[in-house]
Amino acid sequence: MSVTIKSQREIELMRESCRLLAIVHKELEEYVRPGISTLDIDAKGDALIRKLGCVPNFKNYNGYPASICVSVNDEVVHGIPNRHRILQEGDIVSLDAGLIYKGYHSDAARTHAVGRISPQAQKLIDVTRESFFAGVKMAKAGNHLFDISNAIDAYIKPYGYGIVRDLVGHGIGTSLHEDPQIPNFAQRRRGIRLQAGMTLAVEPMVNMGRADVEWLEDDWTVVTEDGSWSAHYENTILITDGEPEILTLY
Ligand code: MF3
Ligand code: CO
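Residues numbered from 1 in each chain as written. Chains lettered and ligands numbered in written order. Predicted model: local features only at pLDDT ≥ 70, side-chain atom pairs only at ≥ 80, totals over all residues. Heavy atoms only, no water.

Topic: the sheet that holds strand β6 (residues 162-163)
This is how it is decided: A pair of strands is considered paired only if DSSP assigns at least 2 bridges between the two. The helix and strand labels rest on DSSP assignments: H or I over at least four residues marks a helix, E over at least two residues marks a strand, and numbering proceeds from the N terminus. Two residues form a contact once any of their heavy atoms are found within 4.5 Å. Where helices are involved, their axes are fitted lines through C-alpha atoms of the stretch in contact, as for all axes, and angles between N-to-C directions lie from 0 to 180°.
Read across the open sheet, the three strands follow the order β6-β10-β13; overall the sheet is antiparallel. Among the strands making up the open sheet, the edge pair consists of β6 and β13 (230-232). Here two bridges tie β6 to strand β10 (residues 205-207), and the two strands are oriented antiparallel to one another. In the sheet register, Gly 162 faces β10, and the bridge partner there is Asn 207. Contacts from helix α3 (residues 119-136) reach β10 and β13 within the one sheet, and its direction differs from that of β13 by about 35°.

What about the environment of Met 138?
The test is simple: Here's how the labels work: a residue is buried when its accessible area is under 20% of the maximum for its type, exposed when over 50%, partly exposed in between, all with a 1.4 Å probe on protein chains only.
Of note, Met 138 is situated in the loop between α3 and α4 (145-156). Of the residues examined, Met 138 reaches a relative accessible area of 31% and is grouped as partly exposed. Taking the C-alpha atoms as reference, Met 138 lies 9.7 Å from Ile 152; in sequence the two are 14 residues apart. In this structure, Met 138 is in contact with Asn 143, Asp 147, Ile 148, Ala 151 and Leu 194, ignoring residues within four places of it in sequence.

Observations concerning the sheet that holds strand β11 (residues 213-215)
The strand order across the open sheet formed by three strands is β3-β12-β11, and the pairing between neighbours is antiparallel. In this open sheet, the two strands that pair with only one neighbour each are β3 (75-77) and β11. Looking at each pair of strands side by side, their axes are set apart by 40° on average, direction ignored. Summarising the sheet, β3 and strand β12 (residues 222-224) pair through two bridges and their orientation is antiparallel. Residue pairing for β12: Glu 75 is matched across the bridge by Val 223.

Notes on α3
Given 3.6 residues per helical turn, the α-helix brings residues three or four places apart onto the same face. The following threshold applies: The span one expects for a helix is its residue count, reduced by one, times 1.5 Å.
Given a rise of 1.5 Å per residue, 18 residues ought to cover 26 Å, and the 26 Å separating the end C-alpha atoms of α3 matches this to within 8%. Every buried residue of α3 is accounted for by Ala 121, Leu 124, Ile 125, Val 127, Thr 128, Ser 131, Phe 132, Ala 134, Gly 135 and Val 136.

Here's what the structure looks like:
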(Lines give C-alpha, C1' and ligand atoms only; values in the text may rest on other atoms or scores of the structure.)
(Ligands and ions follow the chains in the order given, each with its own letter.)
Protein backbone atom coordinates (compact mmCIF):
# COMPACT_ATOMS: atom_id res chain seq x y z
CA MET A 1 0.00 0.00 0.00
CA SER A 2 1.41 3.36 -0.98
CA VAL A 3 -0.24 6.60 -0.02
CA THR A 4 1.00 9.63 -1.95
CA ILE A 5 1.87 12.95 -0.32
CA LYS A 6 1.25 15.80 -2.75
CA SER A 7 3.80 18.57 -3.27
CA GLN A 8 2.77 22.22 -3.10
CA ARG A 9 2.57 22.27 -6.91
CA GLU A 10 0.38 19.17 -6.96
CA ILE A 11 -1.86 20.61 -4.26
CA GLU A 12 -2.47 23.66 -6.45
CA LEU A 13 -3.47 21.38 -9.35
CA MET A 14 -5.76 19.33 -7.08
CA ARG A 15 -7.38 22.55 -5.83
CA GLU A 16 -8.10 23.68 -9.38
CA SER A 17 -9.38 20.26 -10.48
CA CYS A 18 -11.74 20.22 -7.51
CA ARG A 19 -12.85 23.84 -7.93
CA LEU A 20 -13.92 23.08 -11.49
CA LEU A 21 -15.78 19.95 -10.37
CA ALA A 22 -17.67 22.02 -7.79
CA ILE A 23 -18.90 24.24 -10.64
CA VAL A 24 -20.11 21.16 -12.53
CA HIS A 25 -22.04 19.95 -9.49
CA LYS A 26 -23.57 23.37 -8.91
CA GLU A 27 -24.87 23.47 -12.47
CA LEU A 28 -26.16 19.91 -12.33
CA GLU A 29 -28.00 20.67 -9.09
CA GLU A 30 -29.84 23.48 -10.83
CA TYR A 31 -30.60 21.22 -13.79
CA VAL A 32 -32.25 18.39 -11.83
CA ARG A 33 -36.04 18.47 -12.08
CA PRO A 34 -38.97 16.12 -12.81
CA GLY A 35 -39.25 15.10 -16.45
CA ILE A 36 -35.59 14.90 -17.45
CA SER A 37 -33.89 11.59 -18.12
CA THR A 38 -30.81 10.32 -16.35
CA LEU A 39 -29.07 10.44 -19.75
CA ASP A 40 -29.91 14.18 -19.99
CA ILE A 41 -27.91 14.63 -16.76
CA ASP A 42 -24.97 12.72 -18.18
CA ALA A 43 -25.01 14.76 -21.39
CA LYS A 44 -25.16 18.01 -19.44
CA GLY A 45 -22.35 16.98 -17.08
CA ASP A 46 -20.12 15.66 -19.86
CA ALA A 47 -20.53 18.90 -21.84
CA LEU A 48 -19.80 21.06 -18.78
CA ILE A 49 -16.63 19.15 -17.93
CA ARG A 50 -15.34 19.47 -21.49
CA LYS A 51 -16.32 23.15 -21.72
CA LEU A 52 -14.10 23.72 -18.67
CA GLY A 53 -11.22 22.16 -20.62
CA CYS A 54 -11.20 18.96 -18.57
CA VAL A 55 -11.77 15.25 -19.20
CA PRO A 56 -14.44 13.17 -17.44
CA ASN A 57 -12.50 10.52 -15.50
CA PHE A 58 -15.37 8.04 -15.11
CA LYS A 59 -15.96 7.63 -18.85
CA ASN A 60 -14.57 4.24 -19.91
CA TYR A 61 -13.12 3.67 -16.42
CA ASN A 62 -13.08 -0.15 -16.26
CA GLY A 63 -15.62 0.05 -19.07
CA TYR A 64 -18.11 2.37 -17.34
CA PRO A 65 -20.07 3.84 -20.27
CA ALA A 66 -20.88 7.39 -19.07
CA SER A 67 -19.35 10.52 -17.53
CA ILE A 68 -21.75 10.95 -14.60
CA CYS A 69 -23.02 8.15 -12.37
CA VAL A 70 -26.75 8.76 -11.88
CA SER A 71 -28.41 6.62 -9.19
CA VAL A 72 -32.13 6.93 -8.43
CA ASN A 73 -33.93 5.94 -5.19
CA ASP A 74 -32.86 2.36 -4.27
CA GLU A 75 -29.82 2.63 -6.55
CA VAL A 76 -26.82 3.26 -4.30
CA VAL A 77 -24.09 4.21 -6.78
CA HIS A 78 -22.85 3.67 -10.35
CA GLY A 79 -26.28 3.90 -11.97
CA ILE A 80 -25.91 3.99 -15.76
CA PRO A 81 -27.61 6.97 -17.42
CA ASN A 82 -30.50 5.94 -19.68
CA ARG A 83 -32.78 8.00 -21.89
CA HIS A 84 -35.81 5.98 -20.80
CA ARG A 85 -35.23 6.60 -17.08
CA ILE A 86 -37.24 9.76 -16.40
CA LEU A 87 -36.96 11.50 -13.02
CA GLN A 88 -40.29 11.80 -11.21
CA GLU A 89 -41.40 14.23 -8.54
CA GLY A 90 -40.56 12.64 -5.17
CA ASP A 91 -37.49 10.73 -6.38
CA ILE A 92 -34.03 11.21 -4.94
CA VAL A 93 -31.09 11.15 -7.34
CA SER A 94 -27.41 10.74 -6.53
CA LEU A 95 -24.96 12.33 -8.96
CA ASP A 96 -21.36 11.19 -8.78
CA ALA A 97 -18.97 13.11 -10.99
CA GLY A 98 -15.24 13.48 -11.50
CA LEU A 99 -12.80 15.09 -13.87
CA ILE A 100 -9.12 15.34 -14.77
CA TYR A 101 -7.39 18.73 -14.88
CA LYS A 102 -3.75 18.72 -16.03
CA GLY A 103 -3.42 15.10 -14.93
CA TYR A 104 -5.07 15.56 -11.53
CA HIS A 105 -8.35 13.87 -10.60
CA SER A 106 -11.26 15.18 -8.57
CA ASP A 107 -14.30 13.19 -7.36
CA ALA A 108 -17.50 14.31 -5.62
CA ALA A 109 -21.10 13.17 -5.20
CA ARG A 110 -24.36 14.81 -4.16
CA THR A 111 -27.87 13.45 -3.61
CA HIS A 112 -30.66 15.77 -4.76
CA ALA A 113 -34.40 15.89 -4.27
CA VAL A 114 -36.47 15.76 -7.46
CA GLY A 115 -39.21 18.30 -6.83
CA ARG A 116 -40.95 17.80 -3.49
CA ILE A 117 -39.85 14.69 -1.60
CA SER A 118 -40.97 12.97 1.61
CA PRO A 119 -39.56 14.16 4.95
CA GLN A 120 -38.06 10.67 5.40
CA ALA A 121 -36.14 10.92 2.14
CA GLN A 122 -34.94 14.43 3.00
CA LYS A 123 -33.74 13.19 6.40
CA LEU A 124 -31.72 10.42 4.73
CA ILE A 125 -30.06 12.97 2.41
CA ASP A 126 -29.32 15.34 5.31
CA VAL A 127 -27.90 12.70 7.65
CA THR A 128 -25.69 11.30 4.89
CA ARG A 129 -24.24 14.76 4.20
CA GLU A 130 -23.82 15.49 7.90
CA SER A 131 -22.01 12.19 8.44
CA PHE A 132 -19.39 13.29 5.91
CA PHE A 133 -18.73 16.46 7.93
CA ALA A 134 -18.60 14.46 11.18
CA GLY A 135 -15.96 12.23 9.62
CA VAL A 136 -13.96 15.05 8.08
CA LYS A 137 -13.73 16.83 11.44
CA MET A 138 -11.31 14.04 12.38
CA ALA A 139 -9.28 14.37 9.16
CA LYS A 140 -6.16 16.15 10.32
CA ALA A 141 -2.47 15.35 10.38
CA GLY A 142 -1.56 13.23 13.40
CA ASN A 143 -4.97 11.57 13.63
CA HIS A 144 -5.48 8.13 12.14
CA LEU A 145 -7.42 7.18 9.03
CA PHE A 146 -10.04 5.16 10.84
CA ASP A 147 -10.85 8.09 13.13
CA ILE A 148 -12.73 9.28 10.04
CA SER A 149 -14.51 5.93 9.59
CA ASN A 150 -15.45 5.70 13.25
CA ALA A 151 -16.85 9.23 13.34
CA ILE A 152 -19.02 8.63 10.26
CA ASP A 153 -20.36 5.40 11.76
CA ALA A 154 -21.02 7.00 15.15
CA TYR A 155 -22.90 9.87 13.52
CA ILE A 156 -25.21 7.61 11.50
CA LYS A 157 -25.83 4.91 14.11
CA PRO A 158 -28.56 6.69 16.13
CA TYR A 159 -30.70 7.02 12.99
CA GLY A 160 -30.76 3.25 12.44
CA TYR A 161 -29.76 3.54 8.78
CA GLY A 162 -27.65 0.93 6.99
CA ILE A 163 -24.11 2.04 6.20
CA VAL A 164 -22.89 0.47 2.96
CA ARG A 165 -19.84 -1.73 3.60
CA ASP A 166 -19.08 -3.05 0.13
CA LEU A 167 -17.89 0.29 -1.26
CA VAL A 168 -15.45 2.70 0.37
CA GLY A 169 -13.72 6.05 -0.05
CA HIS A 170 -10.17 6.31 -1.38
CA GLY A 171 -7.05 8.32 -1.94
CA ILE A 172 -7.03 10.39 -5.13
CA GLY A 173 -4.45 12.28 -7.21
CA THR A 174 -2.89 11.33 -10.53
CA SER A 175 -5.26 8.32 -10.39
CA LEU A 176 -8.95 8.31 -9.52
CA HIS A 177 -8.42 5.56 -6.98
CA GLU A 178 -5.25 5.61 -4.88
CA ASP A 179 -4.50 4.09 -1.50
CA PRO A 180 -5.77 4.15 1.18
CA GLN A 181 -9.27 2.68 1.20
CA ILE A 182 -11.57 4.61 3.54
CA PRO A 183 -14.44 2.57 5.06
CA ASN A 184 -17.51 4.41 6.30
CA PHE A 185 -18.12 2.05 9.23
CA ALA A 186 -16.30 1.53 12.52
CA GLN A 187 -12.93 -0.25 12.46
CA ARG A 188 -11.06 -2.11 15.16
CA ARG A 189 -7.66 -0.88 14.00
CA ARG A 190 -6.51 2.73 13.81
CA GLY A 191 -5.37 2.72 10.20
CA ILE A 192 -2.52 4.79 8.80
CA ARG A 193 -1.48 8.06 10.35
CA LEU A 194 -2.79 11.04 8.39
CA GLN A 195 -0.22 13.48 7.00
CA ALA A 196 -0.44 16.92 5.48
CA GLY A 197 -0.52 16.66 1.68
CA MET A 198 -2.73 13.58 1.46
CA THR A 199 -5.78 14.03 -0.77
CA LEU A 200 -8.72 11.76 -0.01
CA ALA A 201 -12.22 11.15 -1.37
CA VAL A 202 -14.51 10.56 1.62
CA GLU A 203 -17.90 9.22 0.53
CA PRO A 204 -20.51 7.78 2.88
CA MET A 205 -23.29 5.75 1.20
CA VAL A 206 -26.28 5.30 3.49
CA ASN A 207 -29.44 3.18 3.12
CA MET A 208 -32.78 3.86 4.77
CA GLY A 209 -33.02 0.13 5.47
CA ARG A 210 -30.39 -2.55 5.74
CA ALA A 211 -26.76 -2.13 4.68
CA ASP A 212 -26.71 -4.99 2.17
CA VAL A 213 -26.34 -4.21 -1.53
CA GLU A 214 -26.31 -6.17 -4.77
CA TRP A 215 -25.18 -5.60 -8.34
CA LEU A 216 -27.62 -5.51 -11.25
CA GLU A 217 -27.13 -7.53 -14.45
CA ASP A 218 -25.38 -4.56 -16.06
CA ASP A 219 -22.51 -5.27 -13.62
CA TRP A 220 -22.39 -1.61 -12.56
CA THR A 221 -25.59 -0.46 -10.86
CA VAL A 222 -25.43 -1.10 -7.11
CA VAL A 223 -28.87 -1.34 -5.48
CA THR A 224 -30.03 -2.00 -1.94
CA GLU A 225 -31.02 -5.61 -1.37
CA ASP A 226 -34.17 -4.63 0.54
CA GLY A 227 -35.27 -1.98 -1.96
CA SER A 228 -34.84 0.85 0.54
CA TRP A 229 -33.65 4.21 -0.73
CA SER A 230 -30.02 5.25 -0.53
CA ALA A 231 -28.05 8.51 -0.42
CA HIS A 232 -24.43 9.35 -1.26
CA TYR A 233 -22.31 12.38 -0.40
CA GLU A 234 -18.66 12.77 -1.35
CA ASN A 235 -15.95 15.40 -1.47
CA THR A 236 -12.26 15.36 -2.25
CA ILE A 237 -10.37 16.76 0.75
CA LEU A 238 -6.81 17.84 1.55
CA ILE A 239 -5.17 16.90 4.85
CA THR A 240 -3.27 19.78 6.42
CA ASP A 241 -1.65 20.35 9.80
CA GLY A 242 -4.77 22.26 10.78
CA GLU A 243 -8.33 21.98 9.53
CA PRO A 244 -8.84 19.85 6.42
CA GLU A 245 -9.62 21.69 3.18
CA ILE A 246 -12.77 20.44 1.47
CA LEU A 247 -11.68 21.00 -2.12
CA THR A 248 -14.90 20.20 -4.01
CA LEU A 249 -17.24 22.55 -2.13
CA TYR A 250 -18.64 25.37 -4.29
N1 MF3 B 1 -16.92 8.21 -7.82
C2 MF3 B 1 -16.72 6.80 -7.90
C3 MF3 B 1 -15.78 6.41 -6.82
O4 MF3 B 1 -15.63 7.11 -5.92
C5 MF3 B 1 -16.19 6.38 -9.19
C6 MF3 B 1 -17.22 5.99 -10.13
S7 MF3 B 1 -16.85 4.50 -10.82
C8 MF3 B 1 -16.82 4.81 -12.46
O9 MF3 B 1 -15.20 5.39 -6.85
F10 MF3 B 1 -16.57 3.75 -13.05
F11 MF3 B 1 -17.98 5.31 -12.80
F12 MF3 B 1 -15.90 5.67 -12.70
CO1 CO C 1 -15.01 8.32 -5.03
